[in-house]
Amino acid sequence: MLNYIIRRLVSLVPVVIGVSILSFSLMHLVPGDPARSILGEKATETQLEMLREELNLNDPLVVQYGNFMGKIATGDLGESIKSKESVASEIGGRLPATIELTLFAMTVAVVVGVLAGVIAAVKQYSWFDNLSMSGALFGVSMPIFWLGLMMIWLFSVELNWLPPSGRLSNDIELTTITNLYLVDSILTLNGEAFVDALRHLLMPGIALATIPMAIIARMTRSSMLEVMKQDYIRTANAKGLAGRLVVFQHALKNASLPVLTVIGLQFGFLLGGAVLTETIFSWPGVGRYVVDAILSRDYPVVQSTILIIAVIFVLVNLITDILYTLFDPRIKLD
Amino acid sequence: MADHLPILEVKDLHTHFFTKAGTVKAVDGVSFSVKPGETLGIVGESGSGKSITAMSVMKLVPSPPGKIVSGDIRFNGESLLLKKEKEMRKIRGKDISMIFQDPMTSLNPVFSVEKQMMETILTHENMNKQQARNRAIELLDLVGIPDAAKRLKNYPHEFSGGMRQRVMIAMALACNPKVLIADEPTTALDVTIQAQILDLLKKLQQELGMAIIMITHDLGVVAEVCDRVMVMYAGKPVEFSSVKELFDHPKHPYTWGLLSSIPQIHNRKERLEAIKGLPPDLRDLAKGCSFAPRCTHVKEECLTKDPALLEDETDHFVRCLLYEQEEKVIIHE
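No experiment lies behind these values; they were computed from the predicted model shown. (Residues numbered from 1 in each chain as written. Chains lettered and ligands numbered in written order. Predicted model: local features only at pLDDT ≥ 70, side-chain atom pairs only at ≥ 80, totals over all residues.)

1. A closer look at the sheet that holds strand β13 (residues 330-331) of chain B
All names here are of chain B.
- The strand order β6-β7-β8-β3-β9-β10-β12-β11-β13 describes an open sheet built from 9 strands, whose pairing is mixed. In the strand order of this sheet, the two ends are held by β6 (96-99) and β13, each with one partner.
- Both strand β3 (residues 39-43) and strand β8 (residues 211-216) contribute to a ladder of 5 bridges, which runs parallel. Residue pairing for β8: T39 is matched across the bridge by I212.
- Of the strands in this sheet, β6 and β7 (179-183) touch helix α7 (residues 161-172), which is tilted by about 175° from β6. (Pairing = 2+ DSSP bridges. Helix = DSSP H or I, 4+ residues; strand = E, 2+ residues; numbered from the N terminus. Contact = placed C-beta atoms within 7 Å. Axes fitted to C-alpha atoms, helices over the stretch in contact; angles between N-to-C directions.)

2. Considerations on the environment of I172 of chain A
Residues and elements named next belong to chain A.
- Mapped onto the elements, I172 comes out in the loop between α8 (144-158) and α9 (181-187).
- Residue I172 is classed as partly exposed on the basis of its 16 C-beta neighbours within 10 Å.
- Separated by 21 residues in the primary sequence, I172 and A193 have C-alpha atoms spaced 6.3 Å apart.
- Other than its neighbours up to four places away in sequence, I172 contacts E192, A193 and D196. (Buried ≥ 20, exposed ≤ 12 C-beta atoms within 10 Å, placed from the backbone.)

3. A short note on the sheet that holds strand β1 (residues 8-19) of chain B
Residue and element names in this part refer to chain B.
- Pairing in this open sheet of 4 strands is antiparallel, and the strands run β2-β1-β4-β5 from one edge to the other. Across the chains shown, the open sheet's two edge strands, defined by having one partner strand only, are β2 (22-34) and β5 (78-79).
- Sheet topology note: the strand β4 (residues 66-75)/β5 ladder contains 2 bridges and is antiparallel. Residue pairing for β5: F75 is matched across the bridge by E78.

4. Quick notes on the UniProt feature "transmembrane region" (unreviewed entry) in chain A
Residues and elements named next belong to chain A.
- Within the UniProt annotation, "transmembrane region" (unreviewed entry) is assigned to residues 12-30, 101-122, 134-155, 201-220, 259-281 and 301-327.
- Structurally, residues 134-155 comprises 91% helix and 0% strand, and the distance from its first C-alpha atom to its last is 24 Å.
- Between the end C-alpha atoms of residues 301-327 the distance is 39 Å, and the span holds 100% helix and 0% strand. (UniProt positions renumbered as here; feature names shortened; annotations may be inferred.)

5. Comments concerning the domain arrangement of chain B
All names here are of chain B.
- Per the domain assignment, the segments of chain B are domain 1 (8-95 + 175-331) and domain 2 (105-174).
- Each partner contributes residues to the interface: domain 1 has 15 residues there, and domain 2 has 14 residues.
- Of the residues forming the side of domain 1 that touches domain 2, the biggest block, 6 residues, is contributed by helix α8 (residues 191-208). (Domains from an automatic or database assignment.)

As structure tokens, then:
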């Protein structure tokens, strides 16, 4: 197992190189000039040229790529062209926001999705099955931005129950440790901040959970239906086991592999930054950060962020693969 | 044996499946009983209703579409059909347990043998975990699995087919059942392993005194282990007698067909005889004897008249018009 994990981590190196070449060349292929976007419309050609020289944008692409990768190898993600801040610290401030949102959304999606899928499968063709599966179809087809806007309209504007944007109200004090506000408020025993952070999380979290929840519910249902037909389920019933043991242990554990795959993939996608959700709810996460950077041609920010997202994606997949072995003893990783 | 009352009695059982394409009468008037220590064989082709009979006794017929529509199943004098699902779960695996055809798929692949055995024991017996574990080891020992304490930790895929069937048997015997239903327990196994498993079942029956219902399509298995045998065709029993009677004086043309399709060592023929044709579609059975279209002794009246179950003085039942004119038979139904 340890060998396997080391092997997988080593295989990150070619992935990182591949992703870096791809993101680097794509960024430079797209027309647009960082100098122009920084200095604005009225800048003279001389000013632009001076800035380009300062940012090393006139070097050949290979040299620029070499410089970038050289820095990456030493752990330096460079600094933003636009804000002059270090990319590492900017991402460091935003990644926890995205992670918190993703963890929350995925928890909702997994709990509700798996439960709905199991019940729908056990009571196939019942009203619950029909209702939850049409709901799931509705969920996957729902444009998130529209759902988000409707939620803000209903819960913030009309009912005034939940805050429409941000992570924490201005008047709330919170000592940050992990920068995951829910976790920090628990660690510092700050009940007020916990409730406030949760209220801010609810709408973006649920909006973000909608699609994964629907996919997980449908996958769980079809996988459970398949498993419930197996001989060992008949054996479990013939042994006189309680119905919930048969369903939630014997069947669900067997049905969990395809569901786990979907969860892993969705998790990776969401961690990459839920651009739309973060934009609608003004959530200070990675997704919005990278989109802003793309628009202003902030090369170091875009490249570094894409690299980090790629690494996270690979790690999530590695964790998924390791989890397989916990669910199915027949799977050996070596 | 004769002075015992039957432990399980099935009376005129009808289990039907209500599908969009029509009603399938999978079990259509089956009656039998077994006494403690006795082995009853139920024989027939695929689709003759033998497995559904067994599932009906366990009340595990998938519903919908299946339903026990009439008849009675009495265990220890009590009707199982009146019992609620919760009460049935107390009987399944404890008083009546079951082993299945394919040991490769009948054990749950993601749980260890230990967990699967212990959960049966803990469900039904008042034991703590350590006692249950000891009981599980004892059972694996009983069914002849070497190094039981160590093997208990293994997963099903780490056992061979024969060993898995032994695990299934150990699990079925965990709570000393009164009735063991064995649904083609040797069909999926190598021939040498088949004999071992049958010997094991016979030996365990002598030690534990349970009744066995042996469901099989193999008359060789019947000859090996059964005391009495019921031959089923298209959901109905067509012949019912002691095993010796059945092999010495088979009466039903279908039984003749089954017997002549077994290879005989003393009577070598170039080809084995097969019963021509296919079992009927149980959805729309024509009037008359269901076997008539495949029968070598078919008469005109077989196509129009339902044969009754006839009994002769040797407790030998047969459902065939060939015997209706005989003087000594009692006509049932």
